[in-house]
Protein chains: 2
Amino acid sequence: MKNTQEKLSQFRNYMAGAGFDAFVIPSNDPHFGEYVQDYYKCREWLSGFSGSAGTLVVTLFQAALWTDSRYFLQAARELDGSGIELMKMKESGTPTIPEWLLSVLQPGSIVGADESLIPVSEYNGLVDSISPLVLTLTGDPFSVVWTDRPPIFSSLARTVNYNVSGEASASKLNRACETLGLDGDFYYLLSSCDDISWLCNLRGADVPYNPLLYSYLLFGRGKAELFVSGNSADSTVQETLSWEGISIREYSQINSYLKNLDPAVPVVMPYGKTSMRMFNSLKINRGAANIMDDTTPGGVAGSLKAVKNPIEIDGFRKAMVNDGVAWVRFIMELEKRLANTSARPYEHELSELLIKKRSENPDYLGESFAPIVAFGPNGAQPHYSPSSANPCMLGLRGFLLIDTGAHYPYGTTDTTRTFFLGEPNREECLDYTAVLKGMISLSMVLFPPGTRGASLDILARGEVYKRGKRYMHGTGHGVGHNLCVHEGPQSIRMEENPVTFRLGMVTSNEPAIYQEGEYGIRIENLLCCGLSDNVAGFYCFETLTLIPVDTKAVDVAFLGEECTKWLNGYHRRVYETLAPQLNHEEKVWLSEKTSEIGG
Amino acid sequence: MKNTQEKLSQFRNYMAGAGFDAFVIPSNDPHFGEYVQDYYKCREWLSGFSGSAGTLVVTLFQAALWTDSRYFLQAARELDGSGIELMKMKESGTPTIPEWLLSVLQPGSIVGADESLIPVSEYNGLVDSISPLVLTLTGDPFSVVWTDRPPIFSSLARTVNYNVSGEASASKLNRACETLGLDGDFYYLLSSCDDISWLCNLRGADVPYNPLLYSYLLFGRGKAELFVSGNSADSTVQETLSWEGISIREYSQINSYLKNLDPAVPVVMPYGKTSMRMFNSLKINRGAANIMDDTTPGGVAGSLKAVKNPIEIDGFRKAMVNDGVAWVRFIMELEKRLANTSARPYEHELSELLIKKRSENPDYLGESFAPIVAFGPNGAQPHYSPSSANPCMLGLRGFLLIDTGAHYPYGTTDTTRTFFLGEPNREECLDYTAVLKGMISLSMVLFPPGTRGASLDILARGEVYKRGKRYMHGTGHGVGHNLCVHEGPQSIRMEENPVTFRLGMVTSNEPAIYQEGEYGIRIENLLCCGLSDNVAGFYCFETLTLIPVDTKAVDVAFLGEECTKWLNGYHRRVYETLAPQLNHEEKVWLSEKTSEIGG
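Nothing here was measured: the structure is a model prediction, and the numbers come from that model.

Visitor: Could you clarify how one ought to interpret the pattern of salt bridges in this entry?
Guide: Where charged atoms from two side chains of opposite charge approach closely, those side chains can pair. If you walk through the whole model with that rule in mind, you get 70 salt bridges over all chains. For the salt bridge of aspartate 195 of chain B with lysine 305 of chain B, the shortest nitrogen-to-oxygen distance reads 2.6 Å. Of this pair, aspartate 195 of chain B sits in helix H9 (residues 193–200) while lysine 305 of chain B sits in helix H13 (residues 299–305); the two residues are 110 residues apart in sequence, bridging distant segments of the chain. Summarising the burial analysis for this pair, aspartate 195 of chain B and lysine 305 of chain B share the class buried. The partner of glutamate 586 of chain B in a salt bridge is arginine 329 of chain B, with the nearest N and O atoms 2.9 Å apart. Linking glutamate 586 of chain B in helix H20 (residues 584–593) with arginine 329 of chain B in helix H14 (residues 310–339), this pair joins segments that are 257 residues apart in sequence. Overall, glutamate 586 of chain B belongs to the buried group, its relative accessible area being 8%. Owing to a relative accessible area of 23%, arginine 329 of chain B belongs among the partly exposed residues under this scheme. One connected set of salt bridges, linked through shared partners, spans Glu427, Asp431, Arg467 and Lys469 of chain A.

Quick look at the structure:
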């Protein structure tokens, strides 16, 4: 296997031959999702840096990699000796990529990038920001340079039945067309696999954790063409799609198809999730005329997908019961193992244990993201991942943070619970209670239609502020219905997001406190936006997650009457809903764990 | 006196002669502030509609007036028989002004407007939105048409001493220049009288309630020219300004001065608060080159002005003591009058009574806005104003809402208190308590630097939501230091506003419940953003206002422990701060009014 310096040298040979003075290599694939296949891990292959986020820029004489604070340590280690400079994003003094390019290149130098990996929305800004350098888009250089590149693989697609999706594809496509509100004939071009999966009621396994198929979709009123690998769609899938009016075309044919599309018919697409390659293919016959951005936040399909229908919501509820049962059994066994003070479990063993408990349910499809099991100081890293390669044994005293989620055919879960091992001190109790109070305060809110997540964020975050602490991530993200566990367009964050809550949106609620070098506390439930029973015309959140919240570190006085009452009510509901699925011993255990506090 | 139809006919003669097919007449003056002199009430003179907000559009054959829901009833009454159609803004089916113009005029028709009244920021949008109609700016048509027009009057300016302003003009001007961050020579052009008053440490009385002078200011590094009426600046003012490096020029000369300004020197100005007339004057010699928008929210001067210095904050505190004493005496007398169940006071008598109590302090300069004293259903109109012409007597039972503020040389106040006359029922208590709880929840918040008001709004509004109710206005506005009681750029509203809180910003906190046809409840304090004593690096709000909150309608259980504790602490501080200024009887009364609840 070549080392990084050899690979860089080889890449620079390509650059010199093709006339590039610099080349920008991002981490995404042409579908702009959270996960990519190994085939697209060009940045990782060339730089040696294996984190999920980062952009490599190579010139003929230098190279630098931009990544965020999550990866500073890992990147420093992995880039050591490569000659690639680590650029710590958002640190003062770190240049942006354009600033750096302008500082190391002569005016007029050619900066290359793969046209499949640059979204249309960023192209003009990039051109302007590096001027007087010249941006030149090209094909994929790694098809030549990366000789032992893994192939793209295609998983087998499965269709989602109406009794799970609650809506036929044809109806979804029709609604998408109507929502666009365009007169006359048009095409809508989608590259985002989760939107396509939702619209077509299809699932696959082309990337980790997200049950997606690499695909493109071109649709309009009464027409839909799905571009997917021929290996993915068996005859059942083909028949179902055909029934919904969706024709199948070969994945690799999308660009030649776009080049030949009738230039008189306008094409709409979300510029933020469509590559310049698509845009350029369309432009061949029509110039930039008749190509339009879908400026709906999240795109029209993403916007419709975010609003779960009653059948999807019932599926979520069912998934939560499965997951609640698995967690109950998991925590029971965890407690037994922890009772043994001499043979302590490792973090990664616990993530395997929870998967084992989930697997006892035949509907379990897999994890919805890489499990986080973090003891003590590890919990202070919001994106920590335990590994058997680097095992960490649980100590006798400290917080244990567990954040995992599962896919079921009818719903996706994402839950964080934090437990205290040993006896917590006053500060630990107050921090834990502040996080819990924030989580509950957001759960209890009532709000009218038209409310944005940015308005609600302080309800959770403000309780953490009262402890003089902060968490540097959002309070909530949307969750897909057996789709991506991180889904838009709504969010609950400090940052402005114009999307307002709509009935049926499923969103996480996960305030936290991270005490560097000491512990992390995060408590997370999923919420579904619903109509209030008590207050006409107002929205509320139904807490979907059904897993007991550890009460050992709760300071009841600090939690306050209102939140304590909520917690007791929640625990009562957890018990009542899960008990029918549990054996006697489990029921007794859960009854104890969900007993009233502060009485 | 002419009636509206005669005036319109005369105005149409002018239009026909000048070649206009339509004319747009807004409500503002060339300084874009909240209040205008009678001279600028052209829209009112021509239409007969006397509300503060509204735009009249006249064509040769039609006329229509756009106003908001506050004024629908009044406008309908005042426009009756005039032939002017009332356009209810934000009601479905109401066309916008451009939509209406396009529907009634032929393409190519000429739409006129006074170039002094159109801000630069709106010009291009207006041109685009009425195309293919043609916008033509002109001088003031009312200088010809309005024969008995009142003259512009000029009040005498007074200077604000350093021991009140806490910063010399020269220093403020210098900071404004530095904040702009421009290299080389430049001019900054200001038309907003409150920014000019603050920068020049000047006050006047050219408009109601806001202690301002009609003025323009042109400044740069080491230079400042104040354009103000020669009658305004006596020799003391002239000397003080000269000492600060500010030359005085005649108010009416601003445009000829701008026309002759060196075109090589760039001119910066906030386009949202500068008229097209200024812009066009500048353009004569330079084209559009070297004219730049100040895109700082609120403009650079407004942004600096919003952050009160320690001397200004101390002034606010002193103003609050004055106002607290006046309110104590006012409420005591109010209670005595109300004890008489046969001779009830009128609303307007109570606003006069509060002014009388304030006037006992020799520093009192006047009200900071038109007092609101609203009994029962009147309180449900957020902008109600009592009047002796239309007197309303207080009933025996119901909420009495009083919202007034005062100017003192060293600070401005704005307070709302709501009292219950008679015995409140359960719903009234819960509504009152929800408003109070919202006000207190916002008062108690801790937050880090970088927090926007839009993030905090739900803390107040959310308590009102829990009652299933809403208030359709912001929770808080900035307050000037003996300047405008409504000041930007910060706010606490649902709507996104990118301005973050900075230490020293003074902002109101005024959640409310309006029950149409029944009552209004609003409780308002002013807050000053300060550093938390308890939580390092976090900001908090100091409540500046020192006036007891009526506790008759408080439901202590619903208010909750935390808010009750805050209220008791606040009342203790109100008593301790005001008591030294009170006589024995007043102290006894206040001690009773501020006694602990929920013990």
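Visitor: Even after reading the chapter, I still don't get the relation of the copies chain A and chain B, so can you show me in this structure?
Guide: Note on the chain copies: they are related by a rotation about an axis and a translation along it. The two copies are related by a screw motion: chain A maps onto chain B through a turn of 180 degrees and a shift of 0.1 Å along the axis, at an RMSD of 0.1 Å. Taken together, the rotation and translation describe the operation of a two-fold axis. Minimal C-alpha separation from the rotation axis in chain A is found for serine 455 of chain A, amounting to 2.7 Å. A symmetric contact is evident, with 100% of the interface residues of chain A recurring at the interface of chain B.

Visitor: Explain the UniProt feature "domain: Peptidase M24" (unreviewed entry) in chain A to me, please; I cannot follow it from the model alone.
Guide: In this structure's numbering, the residues bearing the UniProt feature "domain: Peptidase M24" (unreviewed entry) are residues 317–527 of chain A. End C-alpha atoms of residues 317–527 of chain A are separated by 11 Å, and the span's content is 32% helix alongside 24% strand.

Visitor: What is the right way to look at the UniProt feature "domain: Creatinase N-terminal" (unreviewed entry) in chain A in this model?
Guide: Listed under "domain: Creatinase N-terminal" (unreviewed entry) in the UniProt record, and renumbered for this structure, are residues 8–128 of chain A. Across residues 8–128 of chain A one finds 35% helix and 19% strand; the C-alpha atoms that close the span lie 27 Å apart.

Visitor: Any chance you could explain unusual backbone geometry here in plain terms?
Guide: For the peptide bond that leads from glycine 488 of chain A to proline 489 of chain A, omega is 0 degrees, which places it in the cis range. You can see proline 489 of chain A is positioned in strand E23 (residues 487–492). Of note, phenylalanine 32 of chain B is a non-glycine position whose phi angle comes to about 60 degrees, a positive value. Looking at the secondary structure, you find phenylalanine 32 of chain B in the loop between strand E1 (22–25) and helix H2 (42–47). Even without being glycine, asparagine 290 of chain B reaches a positive phi, approximately 65 degrees. Note on placement: asparagine 290 of chain B falls in the loop between helix H12 (276–286) and strand E14 (291–293). A residue is classified by how much of its surface remains accessible, and asparagine 290 of chain B, at 30% relative accessible area, is partly exposed.

Visitor: In this structure, what is going on with the sheet that holds strand E4 (residues 85–88) of chain B? I would like to understand it.
Guide: Hydrogen bonds between backbone groups are what pair the strands of a sheet, and the pairing can be parallel or antiparallel. All names here are of chain B. With mixed pairing, the 6 strands of this open sheet are ordered in space as E4-E3-E2-E1-E5-E6. A strand with exactly one partner marks an edge of an open sheet, and here the two such strands are E4 and strand E6 (134–138). Between one strand and the next, the sheet's axes are offset by a mean angle of 25 degrees, whatever the strand orientation. When strand E3 (residues 63–67) meets E4, the two strands line up parallel, connected through 4 bridges. Opposite threonine 67, over in E4, you have lysine 88 as the bridge partner. On the sheet, helix H3 (residues 72–79) packs against E3 and E4 and is oriented at approximately 170 degrees with respect to E4.

Visitor: What is the right way to look at the side chain of serine 197 of chain A in this model?
Guide: Residues and elements named next belong to chain A. Tracing the chain through its elements places serine 197 in helix H9 (residues 193–200). Exposure remark for serine 197: the relative accessible area of 2% places this residue in the buried category. Non-local contacts of serine 197, meaning those with residues more than four positions away in its chain, are made with Leu202, Arg203, Pro211, Leu212, Leu213 and Leu483.

Visitor: Can you walk me through the sheet that holds strand E16 (residues 372–375) of chain B in this structure?
Guide: Residues and elements named next belong to chain B. Taken together, 3 strands build an open sheet; the order of strands is E16-E17-E20 and the sheet is antiparallel. A single partner strand is all that each edge strand has here, and the edge strands are E16 and strand E20 (415–421). Each strand of the sheet is rotated relative to its neighbour by a mean of 10 degrees, with strand direction disregarded. One ladder, built from 4 bridges, connects E16 with strand E17 (residues 398–404); its direction is antiparallel. The residue bridging valine 373 from the neighbouring strand is isoleucine 402, located in E17. Where H14 meets the sheet, its contacts fall on E17 and E20, and the angle it forms with E20 comes to roughly 20 degrees.

Visitor: Looking at this structure, how should I read the pairing of strand E11 (residues 223–228) of chain B?
Guide: Look at any regular strand and the pattern is simple: side chains alternate between the two faces of the sheet. Residue and element names in this part refer to chain B. With 6 of 6 residues buried, E11 is to be regarded as a mostly interior element. Of the two faces of E11, both are covered, the one formed by Lys223, Glu225 and Phe227 as well as the one formed by Ala224, Leu226 and Val228. Where strand E10 (residues 215–220) folds back onto E11 in an antiparallel hairpin, the turn is made up of 2 residues, including glycine 222, whose phi is positive at roughly 70 degrees. Across 5 bridges, E11 lies against strand E12 (residues 246–250) in parallel orientation. Paired with glutamate 225 across the two strands is serine 247, which belongs to E12.

Visitor: Just to check I follow, could you spell out the packing of helix H19 (residues 561–578) of chain A against helix H20 (residues 584–593) of chain A for this structure?
Guide: Relative placement of two packed helices is described by the angle separating their axes and the distance separating the axes. Residue and element names in this part refer to chain A. The geometry of H19 relative to H20 is characterised by a closest axis approach of 9 Å and an angle of 170 degrees between their N-to-C directions. On the basis of the axis angle, H19 is roughly antiparallel to H20. Touching His571, Val574, Tyr575 and Leu578 of H19 are Lys587, Leu590, Ser591 and Lys593, all from H20. Looking at side-chain class alone, the contact of H19 with H20 contains 4 nonpolar, 2 polar and 2 charged residues.

Visitor: Quick question: what am I supposed to make of the interface of chain A and chain B here?
Guide: Interface size is often expressed as the accessible area that is lost when the parts come together. With 24 residues of chain A at the interface, the matching set in chain B holds 24 residues. Taken together, both faces of the contact between chain A and chain B bury some 1,900 Å²; the carbon and sulfur share is 59%. Looking at the side of chain A facing chain B, the largest losses of area belong to Ile458, Tyr465 and Lys466 of chain A, adding up to 26% of the total buried there. Applying the counting rule to chain A against chain B returns 4 salt bridges. Elements with a minimum of two residues in the side of chain A that touches chain B: strand E21 (446–447) and helix H17 (453–465) of chain A. In terms of residue count, H17 of chain A provides more of the side of chain A that touches chain B than any other element does, 6 residues in total. Of the residues that constitute the side of chain A that touches chain B, the class distribution is 12 nonpolar, 3 polar and 9 charged.

Visitor: Can you help me understand the domain arrangement of chain A in this one?
Guide: Here chain A is described as being made up of domain 1 (1–145), domain 2 (158–304) and domain 3 (307–545). The C-alpha-based centres of domain 1 of chain A and domain 3 of chain A are spaced at 34 Å.

Visitor: Would you mind going over H9 of chain A with me for this structure?
Guide: All names here are of chain A. With 8 of its 8 residues buried, H9 lies for the most part within the structure. Listed as buried for H9 are Cys193, Asp194, Asp195, Ile196, Ser197, Trp198, Leu199 and Cys200. Residue asparagine 201 follows H9 closely and has a positive phi angle near 50 degrees.

Definitions and limits used
- Residues numbered from 1 in each chain as written.
- Chains lettered and ligands numbered in written order.
- Predicted model: local features only at pLDDT ≥ 70, side-chain atom pairs only at ≥ 80, totals over all residues.
- Heavy atoms only, no water.
- Salt bridge = Lys/Arg side-chain N within 4 Å of Asp/Glu carboxyl O.
- Helix = DSSP H or I, 4+ residues; strand = E, 2+ residues; numbered from the N terminus.
- Buried < 20%, exposed > 50% of the residue type's maximum accessible area, 1.4 Å probe, protein only.
- Least-squares fit on C-alpha atoms with pLDDT ≥ 70 in both.
- Contact = heavy atoms within 4.5 Å.
- UniProt positions renumbered as here; feature names shortened; annotations may be inferred.
- Pairing = 2+ DSSP bridges.
- Axes fitted to C-alpha atoms, helices over the stretch in contact; angles between N-to-C directions.
- Parallel < 35°, antiparallel > 145°, perpendicular 65-115°, else oblique.
- Nonpolar A, V, L, I, M, F, W, Y, C, P; charged D, E, K, R; others polar.
- Buried area = accessible area lost by both parts, 1.4 Å probe.
- Domains from an automatic or database assignment.

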